[in-house]
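# Secondary and tertiary structure notes
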Amino acid sequence: MAYGGGYNYSWSEQDIQQLVDYAAQDPHTCAWVVGDTYCGLPVLGHMFPTHLRDYHGISGNDRTPFYCQWVGCGALMNKESINRHVTEMHLQTRHICPVCGENFSRRYTLNSHMRSKHDTQ
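Residues numbered from 1 in each chain as written. Predicted model: local features only at pLDDT ≥ 70, side-chain atom pairs only at ≥ 80, totals over all residues. Heavy atoms only, no water.

The protein chain carries the name C2H2-type domain-containing protein in an unreviewed UniProt entry, which gives Scleroderma citrinum Foug A as its organism.

What the protein chain contains, in helices and strands, is four helices and eight strands. Secondary structure elements of the protein chain, listed N to C terminal, follow the sequence α-β-β-β-β-α-β-β-α-β-β-α. Among the 121 residues that make up the protein chain, the fraction classed as buried is 23%. Partitioning the contacts of the protein chain with sequence separation of at least 6, the portion at a separation of at least 24 is 25%. Taken as a whole, the protein chain presents about 8300 Å² of accessible surface, with 52% of it coming from carbon and sulfur. (Helix = DSSP H or I, 4+ residues; strand = E, 2+ residues; numbered from the N terminus. Buried < 20%, exposed > 50% of the residue type's maximum accessible area, 1.4 Å probe, protein only. Contact = heavy atoms within 4.5 Å. Areas by Shrake-Rupley, 256 points an atom, 1.4 Å probe, with all protein chains shown as cover.)

Along the chain, the position of His-51 falls in helix 2 (residues 48–56). Residue classification places His-51 among the buried positions, given a relative accessible area of 5%.

What follows concerns the nonpolar core. The biggest cluster of nonpolar side chains holds 14 residues, and the ones touching the most others in it are Trp-32, Phe-48, Leu-52, Trp-70, Ile-82 and Val-86. Elements with a minimum of two residues in this core: helix 2 and helix 3 (79–90). Among residues more than four places away in sequence, those in contact with Phe-48 are His-28, Cys-30, Val-43, Trp-70, Asn-83, Val-86 and Leu-91. (Core = buried A, V, L, I, M, F, W, Y, C linked by side-chain atoms within 4.5 Å.)

So, in C-alpha cells, the structure goes:
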C-alpha cells in the first residue's frame, strides 16, 4: 500500500528547527526547593524565567547574588545567570544543528556554528 495522500515527506531545515523548538516546549517539572518544599509544578521551558520570578522570588537587579535551589545544586551566581543555568544545566535544553547534528546548550552558539561551519546567515 502506497502512502502519500497529500503528505509532504520533504523536510526543510526550517521544518526541522521548528520541530526541535517545539520539542523543547515539553513541560518540565520544576525541582526548585524552598525550605523543605519541593515545587513540582510543570513549566514550559520558555516560561521558566517567569516561573522563577513569580513563584520563587528570583528578582532584583542582574548582579543580585542567588543560590540555585534546584534539587542537589546550590551553585552561587548572579540573577542574570539563573535562567540560563537552569535551562542549560537542569533542563538540559539543547539546540541541534540541522546540517551536521552537533548539539549546543545555547542557541547563540548554534547560530555561530551555522555561520562559521555551514556558511549560513
